Structure formats: structure tokens, C-alpha cells
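For reference, the chains in residue letters:
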Amino acid sequence: MDAIAELARDAAALRRQEWRTPRWQRTLRAIYVIWLRDVIRYRRDRTRLAASLAQPLLFLVVFGVGLSSSLGGLGGRGGASATFGSAGGSISYIQYIYPGVVGMAVLFTALFSSMSIVWDREFGFLKEILVAPIDRSAVAIGKALGGATQAMFQGLIMLAIGPIIGVHLTPLTVLEVVPILFLLAFTLTAFGVAIAARMRSMQGFQVIMNFLLMPMFFLSGSLFPLQGLPAWMAVLTRIDPLAYGIAPLRTAVLSTSGAPGAVTRTLASVTWFDWQVPSILALGMLSLLGAVFLGVAIRAFRVRD
Amino acid sequence: MTTSVDAPLATATAPARDPVIRVRGLVKTYGKVEAVRGIDLDVAPGEIFGFLGPNGAGKTTTIQILCTLLRATAGHASVAGYDVDSDPDAVRSCIGLVFQDPSLDQELTARENLDFHAIVYNVPRAVRSRRIDAVLEMVGLRDRASAPVKTFSGGMKRRLEIARGIMHAPQVLFLDEPTQGLDPQTRAHIWEYLNELRRSEDITIFMTTHYMDEAEYCERIAVIDHGALVAQGSPDQLKGMVGGDVVTAGTADDGAAAAELSAKLGVEAGVTADGVRVEVADGAAFVPRMIQALSVPVRSVTIRRPSLDDVFLKVTGRAIRDDEPGSVDDLRNMAQMWMRRR
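Residues numbered from 1 in each chain as written. Chains lettered and ligands numbered in written order. Predicted model: local features only at pLDDT ≥ 70, side-chain atom pairs only at ≥ 80, totals over all residues.

Draft legend 1. Looking closely at the overall build of chain A. Per the secondary structure count, chain A includes twelve helices and four strands. For chain A, buried positions account for 47% of its 305 residues. Within chain A, residue pairs in contact and separated by at least 24 positions form 80% of the contacts whose partners lie at least 6 positions apart. (Helix = DSSP H or I, 4+ residues; strand = E, 2+ residues; numbered from the N terminus. Buried ≥ 20, exposed ≤ 12 C-beta atoms within 10 Å, placed from the backbone. Contact = placed C-beta atoms within 7 Å.)

Quick look at the structure:
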């Protein structure tokens, strides 16, 4: 049989070459493969794509359009939409929550993509990867990058929807927003991966996720400004990783609204003891948190019982 | 308590080379539970080695230690000359592993699954696609290369997993229950591939199974029970441990019949699902005596040469099918339901 002869010839060659590539190179390739697999799966799974878009869209419509209309009516301004800020420019509520809902899309996608780890380790691709001659940090990094890519892509779709529902965006804003989205997506996926890494049951992971997902979303400043909150809530908002992504995202989106910088900053920023954390520092915090989560995930995957 | 049958390995394999798998005093404990209690094993290069035992006997734990997925509590093991504890990376490069549970990506195509494996296992680009074609050809899936794995039947998935296990030309292929849940025809096919593979690639196969007819294909077998090896040897040597013939009689009251046989004829009689079971040197001569001795009506009598099932019963005291569900079984059932649904 031809196939057999061929197998034999290549097999002998493969065995001789075994040590030619160093471990770090194999590890890099594994990161690539894990990432690529996530991207391929995401591309093929139209249902998931549709479902994960539906929820943030719903939020945008319900909160953005509904809430801003009714608030506008309550406020007695007579206009069709509620606004923040007074002197100078004004910011519509939909413009305000838009970055928050983009962040939400990223949050959901990131955490759900990390959920597959639990399953995959027992019955899937990861099981295979875990016996490969690579450093297991590849699993954590590859998954974090894969989830981040998906989540960022989701965020980009939301970005494309923005102008359609009346959110003002300039090309420069978009350029500013994309790297922020990626960083946020990476940190949140790393967070999910760190939790999923030692998890042994799907149910357990889901329980923890349900417990974390909504509070993380609500306390991130997605729906309301993080100003003048009760102390205990303020503390929680400051440890919410999502908050450090929403703030710079919103600062970028609101910067084109024509409202004065001071108003924008007040509406958008996370505060530390009444000090408004600048975007660049918030992004630094986000990176730091991402690095910590990734470190935890890597450690968890490296454990050999 | 090892009733090992010491035999030279000379039969089918080449003159004694260094063992490709070498295990000495292997122990694995989880808290107070001793999963593996001091195992010694040698597997010669090119051998098909069968590892038998009921669920929870320590089979999978042993395989996982050999594959560097678990660390041994005590003892040593080496695979392809590398220590599993101190040099796991080298061991991993030399082994292929087919898991008990499916580990293919359902959404990817067969080719993608193999390709990703090849990339991680260092198969150079030049060889990759040729090798993928070759292994797919071998397991008869070449025409399905571009189909998503979720469209495959159970047998096809298994074949693909074996193909993946050999993509990188491992020296040792570990197969954990490779044919579990497959129909006899598919099992026969898989054995064809494995035998072909051994001819073509000089590969050592270490497998666990609880199909006894399948264990017959193995050149050597080790039986593990409660974490310790209770027998080791070629299938024929092991069968030699059971005295002569196995006589099974279906009676009106098997319990009473067994007691009667023990008392009157001084033989060791056990009760199985098929009836009273006795191991005797000469079955044909025993049957008339047995029928005379029994006061309960006898409905059927069979005499047969001992099978590996009998060996298993003898060394472990129970039939291999008396399995208790393991810890991952819940998740596994869920997985199976899920796979079927798709």
C-alpha cells in the first residue's frame, strides 16, 4: 500500500527531526493554533453571533431610546431625548450609554468564550493541547487572545451600528476606540480564563458567571455615571475591571459630542477619592489587571497534580 | 500477591532491546486513596501491550502518569528512555495519545483537526499535508477530509482520533479504551489499522481495554486490580493459569448446586450469571461425575477452553463487566447526549 510506505518514510524522518525547534517556538505555534481555532469556530457559528448581538442591541433600544424618551418627558424639557450637562453642549442619554453597551457586548462575549475551556479540557481540543510538548502558558494566552479577538469583533459590530441609531462617531474616535476595545476584551477574557482554568463542571462555571456578570456590568458605569454613589458601591465600582475599560471608551466617544471636557470627564471617569482617573491611567489599570488575570490563569494551567 | 508468569519476550518481538516503557514501584495516592500501589512493568519496543482491569483499578491513572499528565507519588517511570517526571517535554514529543473520551473539535473539519495537531507537534510544513493525506487514507477517511467532524459517526471519529494520534510519528501510542462503544465491525477495522501501523512505523502500542476478545490481539497483557498488578504474560500464558477446561452448568438452583459440587466432588464451584462454573483439568471426564453428583436438575452444560474472561475472574475474583461508574461518568453521559443531539 502506497499510503503505508509513505507513512513509514515520513515517520522515520519525523522521529529524527524531533528536536529541531525549540520549545518556545512550539509554544508560540500552540498559541497561534488555539487562537486560530477560536476564530474559525466563531466565524462558523452564526447562531452565537446573532444571539450575542441581540442582547446589547436590545439594551441599546430599550435603555437608549426608551429611557431617554421617558426621562426627557419627566424632565419637562419637551425634547425627544434626555440630556446630560447644561452649559455649552449637551449629551443625549443614548450617546451616553452607547459605550457602556459596547462594553457589555465585549464582556458577554469574553466571558462566554472562556466558558468553553471547562468543556474542552474534558472532551475537546484542550485535552489534546495539554499533552503536547509545549509550555502550558500557551493555553491561557491562546484562549485569552482568541476570546479577545471574538469580543473585539463583537465590539466592532456594535461600533458599526452606532451611527445607525444616531450616535455620533468620527473616524478618529473609531481609531481611538479599537485598541481600547482590544485591551478591554483581553483583560475580560483573561479574567474568564483564570476562573475557568481550575473549574471542573460547567454548572459551577455558569453559577459563578451569573453571579459576576450582571454586577460587573451594572457597577461599571455602563448605565449611569459613577459619581456621588454611596461609599460601598463606589468601592465596588473601583474594583470592577470593566469600569476601567468603559471610562476611556466613553471619554473617546463623548469627546466628539461638543460638550465641554469637564462635563465629559465627570460623566465618563472612574474616580479614586474624588480624583477623576485619566483615560491613560485607566488603561494602565486595565492592562495591569489583564496581566494579573493572565498570570493566575497560566499558573493554574501549569499545575500537574 | 503478583501471580506473574515470567516468560521470555522472545516469541514475536526482536531480540531483547531496552524496554521502551519502564515502570518501577509506581505509586499514586489521592489523599488517603491509593489509586496505584507499586506497579512494575516493562514494555518492549514494537510490542502491543494490553492493560486490563475494571473501572477504577488504576488503568487510566497509570496511563496519565506515563503521559506526564499526572505526577506519581512514588516510583519511577520512563517512556522512550526519558523520565516522565524530570523530562515531560521529551516524553510528550515521543508519544501519541488517544483518549477514552473524544477530544476532537466538532466544529472543525477532519483536516483542520489534524493540521492543528501537526503544527503543535512540530511536523514541518513540507510534510504536513502529505502526512495528513496518508493517515486519512489509512483510516479510510480521505474523502471526508473537508467535512466538519460533527457530521462523522462514532466509528469515524474514533478512526480520526487514531489518525491524529499518529500524525507526528510517535514511538509509543497510548490508547485508552480505543474501541469502547463501537460496533464489532468498526472494532475489527481499527485493529486492522493498528496492526498495519505496527508493521509500517515500528510503533509500540500500550492500550487499555475491557473487551477480552480484543485483549487477545495483544502480545502481552497485564491485569491490574485495586491499583496492583495481579497477572502478567501473553494471552496463552495467562490462560494457562486457569486449570484445563471451564465447565458451566445451568441448573434449577445454582447456589445449591455449587454447594453440592464443592461438598461431594471437592471442586471449587462459583455461581455466575450463566450458572455454576467450575474449572477442571478434563472437562469431558468431569461432566458425567458432575451430573451424577447433583441432586438439582441440570438444564444445560457447556465445556470450553478458558478465555481471558476466565483469567480475569480468577485473578480478580469478579467478571470484568461488573463496573462501578467512575467520577467523570456524569459529565461523560452528558457529553454523549450532547454529541448525539448534534
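On we go.
Draft legend 2. Looking closely at the nonpolar core. Ranked by size, the top nonpolar core spans 181 residues in total, and within it Ala163(B) and Phe174(B) carry the most contacts. When residues are assigned to domains, this core turns out to be shared by domain 1 (21–238) and domain 2 (243–305) of chain B, each giving three or more. (Core = buried A, V, L, I, M, F, W, Y, C linked by C-beta atoms within 7 Å. Domains from an automatic or database assignment.)

Draft legend 3. Examining the interface of chain A and chain B more closely. On the side of chain B, 38 residues touch chain A, which itself brings 34 residues to the contact. Residue composition of the side of chain A that touches chain B, by class: 17 nonpolar, two polar and 15 charged. (Nonpolar A, V, L, I, M, F, W, Y, C, P; charged D, E, K, R; others polar.)

Draft legend 4. Up close: unusual backbone geometry. All names here are of chain B. Positive phi, close to 55°, is recorded for Ala80, a residue that is not glycine. Residue position: Ala80 is located in the loop between strand S4 (74–79) and strand S5 (82–83). Ala80 gets classed as buried once you count the C-beta atoms within 10 Å, which come to 20. Phi at Asn122 is positive, roughly 70°, even though this residue is not glycine. Residue position: Asn122 is located in the loop between helix H3 (110–120) and helix H4 (125–138).

Draft legend 5. Quick peek at the packing of helix H6 (residues 137–161) of chain A against helix H12 (residues 279–302) of chain A. All names here are of chain A. Relative to each other, H6 and H12 sit at 140°, their axes nearing to 7 Å. Accordingly, the angle class assigned to the pair H6 and H12 is oblique. H12 is crossed by H6, and the crossing has right-handed handedness. Seen from H6, the contacting residues are Ser137, Val139, Ala140, Ile141 and Ala144; seen from H12, they are Leu294, Ala297, Ile298, Phe301 and Arg302. (Axes fitted to C-alpha atoms, helices over the stretch in contact; angles between N-to-C directions. Parallel < 35°, antiparallel > 145°, perpendicular 65-115°, else oblique. Left-handed = near helix turned anticlockwise from the far one by under 90°.)

Draft legend 6. Summary view of the domain arrangement of chain B. Here the domain parsing of chain B yields domain 1 (21–238) and domain 2 (243–305). Measuring from the centre of the C-alpha atoms in domain 1 of chain B to the corresponding centre in domain 2 of chain B gives 40 Å.

Draft legend 7. Fine view of H4(B). Residue and element names in this part refer to chain B. With 14 residues, H4 should reach 20 Å at 1.5 Å per residue; the first-to-last C-alpha distance of 20 Å fits that figure. Among the residues of H4, Val127, Arg131, Ile132, Ala134, Val135, Leu136 and Met138 are the ones counted as buried. Gly140 lies just past H4 and shows a positive phi near 70°. (Expected span 1.5 Å × (residues − 1).)

Draft legend 8. A look at helix H6 (residues 184–201) of chain B. Taking 1.5 Å per residue, 18 residues should reach 26 Å; H6(B) reaches 25 Å between its end C-alpha atoms and fits that length. With its phi angle positive at about 50°, Asp202(B) sits one or two positions after the end of H6(B).

Draft legend 9. Focus on the sheet that holds strand S2 (residues 33–43) of chain B. Residue and element names in this part refer to chain B. Taken in spatial order, the four strands line up as S2-S1-S4-S5 in an open sheet, and their pairing is antiparallel. Of all strands in the sheet, those with a lone pairing partner are S2 and S5, marking the two edges. One ladder, built from five bridges, connects strand S1 (residues 21–30) with S4; its direction is antiparallel. Counted as the bridge partner of Val23 is Ala77 from S4. Strand contacts of helix H1 (residues 59–66): S1, S2 and S4, with the helix running at about 120° to S1, the strand carrying the most contacts. (Pairing = 2+ DSSP bridges.)

Draft legend 10. Layout of the environment of Gly275(B). Residues and elements named next belong to chain B. Along the polypeptide, Gly275 turns up in strand S13 (residues 275–280). Given 21 C-beta atoms within 10 Å, Gly275 falls into the buried group. Spatially, the C-alpha atom of Gly275 lies 9.7 Å from that of Val247, the residues being 28 residues apart in sequence. Those residues in contact with Gly275 that sit more than four places away from it in its chain are Thr248, Ala249, Gly250, Thr251 and Asp254.

Draft legend 11. Structural context of the pairing of S13(B). Residue and element names in this part refer to chain B. Of all six residues making up S13, six are buried, and the element is well covered by its neighbours. Sheet analysis places strand S11 (residues 245–251) next to S13, joined by five bridges and oriented antiparallel. Counted as the bridge partner of Thr248 is Arg277 from S13. The antiparallel pairing of strand S12 (residues 269–272) with S13 creates a hairpin that spans two residues between the two strands.

Draft legend 12. Quick peek at the pairing of S12(B). As paired elements, S12(B) and S13(B) share four bridges and run antiparallel to each other. Bridge pairing links Val271(B) to Val276(B) in S13(B).

Draft legend 13. Representation of the sheet that holds strand S9 (residues 220–225) of chain B in the model. Residues and elements named next belong to chain B. The strand order S6-S7-S8-S3-S9-S10 describes an open sheet built from six strands, whose pairing is mixed. Only two strands of the sheet have a single neighbouring strand rather than two, namely strand S6 (95–98) and strand S10 (228–233). With strand direction ignored, the average angle separating the axes of adjacent strands in the sheet is 15°. One ladder, built from five bridges, connects strand S7 (residues 172–176) with strand S8 (residues 204–209); its direction is parallel. Note that in S8 the partner of Leu175 across the bridge is Met207. Its contacts with the sheet put helix H5 (residues 154–166) on S6 and S7, and the angle it makes with S6 is roughly 165°.

Draft legend 14. Spotlight on the packing of helix H4 (residues 93–123) of chain A against helix H8 (residues 202–218) of chain A. Residues and elements named next belong to chain A. Two elements in contact, H4 and H8, have axes whose closest approach is 11 Å; the angle formed by their N-to-C orientations is 165°. The pairing of H4 with H8 is recorded here as roughly antiparallel in orientation. Along this stretch, H4 crosses H8, giving a crossing that reads as right-handed. Residues Met104, Leu107, Leu111, Met115, Val118 and Trp119 of H4 form the contact with H8, whose participating residues are Met202, Phe205, Met209, Leu213, Met216 and Phe217.

Draft legend 15. Representation of the environment of Leu181(A). On the secondary structure map, Leu181(A) appears in helix H7 (residues 171–196). In this structure, Leu181(A) is in contact with Val106(A), Met152(A) and Gly155(A), ignoring residues within four places of it in sequence.

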